[in-house]
Amino acid sequence: MILKSGVTQMKPSIAAFAVLAAVSAATAAPAAQAQHQGHEGHAAAPAAASVEGVGVVKKVDAKAGTVTIDHDPIKALNWPAMTMPFKVSDKALLAKMKPGAKVRFQLDGQTITDLRPF
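Source: prediction; values computed, not measured.

*Asks:* Report on the pattern of salt bridges, specifying residues and quantitative values.
*Replies:* Considering all chains together, one arrives at three salt bridges under this definition. Here Arg104 and Glu52 are joined by a salt bridge, their closest N and O atoms 3.0 Å apart. Residue Arg104 is found in strand β4 (residues 102-108), and its partner Glu52 is found in strand β1 (residues 51-61); the two are separated by 52 residues along the sequence. Classification of Arg104 by relative accessible area gives partly exposed; the value is 25%. Look at Glu52 and you get partly exposed, because its relative accessible area is 37%. Residues Glu52 and Arg116 are paired through a salt bridge, measuring 3.2 Å at the closest nitrogen-oxygen approach. Highlighted residues: Glu52 in strand β1 and Arg116 in strand β5 (residues 111-117), separated in sequence by 64 residues. Residue class for Arg116 comes out partly exposed when judged on its relative accessible area of 29%. One network of salt bridges, in which partners are shared, links Glu52, Arg104, Asp114 and Arg116.

The structure is reproduced here in structure tokens:
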């Protein structure tokens, strides 16, 4: 609607929507931040170039280039003890590995770069 002065006036519903959108935007960030308070310790720590783990081999799949290890907690990554499959950077690392073997391994991300009996 255009007023006699030449100024455009917004319809009441559009004006209400604009105000609601502005208020929502102003309160969304603090609300989202409040939801995550107290969870800082649950995120994985930043990965170092190489991290060592210790565990027991559960399964070796040389064809796929993976080894499943029941590993102890890995503090550097904030990981609890668990059993999980890992890819290896070189399938030759799996040549002498057998289920039940206790091992030390080096991780680069989630890939094993070194695997040796412990």
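*Asks:* With reference to specific residues and values, describe the environment of Phe118.
*Replies:* One can find Phe118 in the segment after β5. Sequence-wise, Phe118 and Phe105 are 13 residues apart; in three dimensions their C-alpha atoms are separated by 9.2 Å. Phe118 has contacts with Val54, Lys102, Val103 and Arg104, leaving out every residue within four places of it along the chain.

Rules and cut-offs
- Residues numbered from 1 in each chain as written.
- Predicted model: local features only at pLDDT ≥ 70, side-chain atom pairs only at ≥ 80, totals over all residues.
- Heavy atoms only, no water.
- Salt bridge = Lys/Arg side-chain N within 4 Å of Asp/Glu carboxyl O.
- Helix = DSSP H or I, 4+ residues; strand = E, 2+ residues; numbered from the N terminus.
- Buried < 20%, exposed > 50% of the residue type's maximum accessible area, 1.4 Å probe, protein only.
- Contact = heavy atoms within 4.5 Å.

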